[in-house]
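# Observations on the model geometry
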Amino acid sequence: MPRYSVILGNLGQTCDRFLASGYKEQPPKAEQFRQAASIAGVGGIELVGTWDITSANVGEVKTLLQDHQLQLVSIIPDHFAQKRWGRGAFTSRDPAIRRAAIAETTAMMDAAAELGGDLINLWPGQDGFDYPFQGNFDESWGWLVEGVRACARHRRDVRLSLEYKIKEPRTHCYLSRAADTVLVAEDTGEHNVGVTIDTGHAMMAYENLAEAAMLLMRRKRLFHLHFNDNYRGWDDDMIVGSMHLPEYLELFFWLQRQGYDGWFSMDQYPYREDGCGAIDASIRWIEGMWQRCEQLGWHRFETAMRGGDAVAIAALMREAVGIAPAAAAAR
């Protein structure tokens, strides 16, 4: 069965670009930890650098993790929410900024190791471009690979997982899809560099979730998963299962088939909803559908996939969600 974690900030004040203060009050950090631990099935937590953790408060965070019996799943270094990264972090034209991006990452790698974690989720959201001729593609890709390689070599006991997203905050992000992201990971030449699939980001890029996962698992580079849902046009960060139920079932099939043993981490932005309730709703949906697939038998999904018959697949999907198969049409 999956292991569940949550990004701590999902339980706080999730602001949008129209109301920077957010629509809810910001609870104390200790209350966010308490809420995370109260969600059935949650055993891990992801922290964002500077938001939740710095080199100075590692001891305090360790106490909170121990008090709530939560495991550190990953730290997400802050390469996106500071003015200095506005024109890129690893791909900034300023070598001092590029060095700072590496230093920020390695500091969080050290913090993760001290807290018993072994994963850094690296989302270089500001590394990209907005206009034609604004991206120096050759140099930028080189800087990106060099920067990630330097971090990976800092300590081999901590893995780096590159999270891709096709747009936002830049109109074009350098790490946009599973395929280009795994190329960066492989170009580093380091085995502790892999890829995170954020399901919403993959949907925005018009990827098939299962195909993207399989591409990475074939190369042993799928390190981590973030779960949410959207309408495909934007990173809406909605409750899992709200929109793309069949695609999620296909993803679950391939994850169990290939033996994925990483975390299922909830990454949502419940702007107006109760954060704890929204995260719980996502986990309940995943848990319920995973169990339903086990009840039906994964072999039935294998048979449907190998047959490739769209009508037979549709019947299995109906059965999976509890809709009785329709009677055969009169002929």
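These notes cover the structure that comes with them. Per chain, residues are indexed from 1 in the order of the written sequence. Owing to the predicted nature of the model, reporting of local features is limited to residues with pLDDT of at least 70; listing and counting of side-chain atom pairs is limited to 80 or more, with chain, interface and lining totals taken over all residues. Side-chain measures here rest on the full set of heavy atoms in the structure, leaving out hydrogens and waters.

A separate point is the side chain of D198. Within the element layout of this structure, D198 appears in strand β8 (residues 193-198). Buried means the residue's accessible area, taken with a 1.4 Å probe over protein chains only, is under 20% of the maximum for its type, while exposed means over 50%, and partly exposed covers the values in between. By the counting rule applied here, Lys and Arg register as positive and Asp and Glu as negative, while His and the ends of each chain are not counted. Criterion for a salt bridge: a side-chain nitrogen of Lys or Arg within 4 Å of a carboxyl oxygen of Asp or Glu. There is no salt bridge for the buried D198, and the closest opposite charge comes from K165, which lies 7.5 Å off by N-O distance. Side-chain atoms alone can form a polar contact between residues adjacent in sequence; in general such a contact is a pair of N or O atoms within 3.5 Å, and within protein one must be able to donate a hydrogen while the other accepts it. Looking at D198, its side chain comes within polar contact range of the side chain of N228, at 3.1 Å. The residues touching D198, leaving out its near neighbours within four places in the chain, are E163, H226, N228 and D267. Secondary structure elements are taken from DSSP: a helix is a run of H or I of four residues or more, a strand is a run of E of two residues or more, and numbering for both begins at the N terminus. Any two residues whose heavy atoms approach within 4.5 Å at even a single point are treated as in contact.

It is worth spelling out helix α10 (residues 298-307) at this point. For α10, the set of buried residues is W298, F301, E302 and A304. The buried side chains of α10 occupy one side of the element, clustering within an arc of 165 degrees when seen end-on. Opposite the buried face of α10, by more than 90 degrees, sit the exposed residues H299, T303, R306 and G307. On its buried side, α10 packs onto α8 (245-258), α9 (275-296) and α11 (310-320). Taken from the helix axis, the directions to the C-beta atoms give the arc we talk about.

Attention shifts here to the packing of helix α7 (residues 209-218) against α8. Every axis in this analysis is a line fitted to C-alpha atoms, fitted for helices over the stretch in contact. Angles between the N-to-C directions lie between 0 and 180 degrees. Interaxial distance between α7 and α8 falls to 8 Å at its minimum, and their mutual angle equals 20 degrees. In terms of orientation, α7 lies roughly parallel with respect to α8. Residues L209, A210, A213, M214 and M217 of α7 touch α8, and the partners they reach there are E247, Y248, E250, L251, W254, L255 and Q258. Ten residues, namely Ala, Val, Leu, Ile, Met, Phe, Trp, Tyr, Cys and Pro, are considered nonpolar, four, namely Asp, Glu, Lys and Arg, are considered charged, and the remaining ones, Gly among them, are considered polar. Considering only residue class, the contact of α7 with α8 consists of 9 nonpolar, 1 polar and 2 charged. Here the angle decides the label: under 35 degrees means roughly parallel, over 145 means roughly antiparallel, 65 to 115 means roughly perpendicular, and every other value means oblique.

Bringing unusual backbone geometry into the picture now. The step from E168 to P169 runs through a cis peptide bond, and the omega angle for that step is 10 degrees. Within the element layout of this structure, P169 appears in the loop between β6 (159-163) and β7 (172-173). The residue F133 is not glycine, and still its phi comes out positive at about 70 degrees. Mapped onto the elements, F133 comes out in the loop between β5 (128-129) and α4 (137-154). The class for F133 is exposed, based on a relative accessible area of 87%. Backbone geometry at Y206 places phi at a positive 60 degrees, although glycine is not the residue there. Mapped onto the elements of the fold, Y206 is located in the loop between α6 (199-204) and α7. Accessibility expressed as a relative area gives 70% for Y206, which makes it exposed.

An expected span of 1.5 Å times one less than the residue number is assigned to each helix. The end-to-end C-alpha distance of helix α3 (residues 95-114), which contains 20 residues, comes to 29 Å, matching closely the 28 Å that a straight helix rising 1.5 Å per residue would cover. Of all the positions in α3, only I97, R98, A100, A101, E104, T105, T106, M108, M109, A111 and A112 are classed as buried. Those residues of α3 hidden inside the fold are in contact with α2 (58-67), β3 (71-76), β4 (119-122), α4 and β6. For α3, the capping residue at the N-terminal end is D94, with a side-chain oxygen 2.9 Å from the backbone nitrogen of A96. Immediately beyond the C-terminal end of α3, within one or two residues, lies G116, with a positive phi of roughly 85 degrees.

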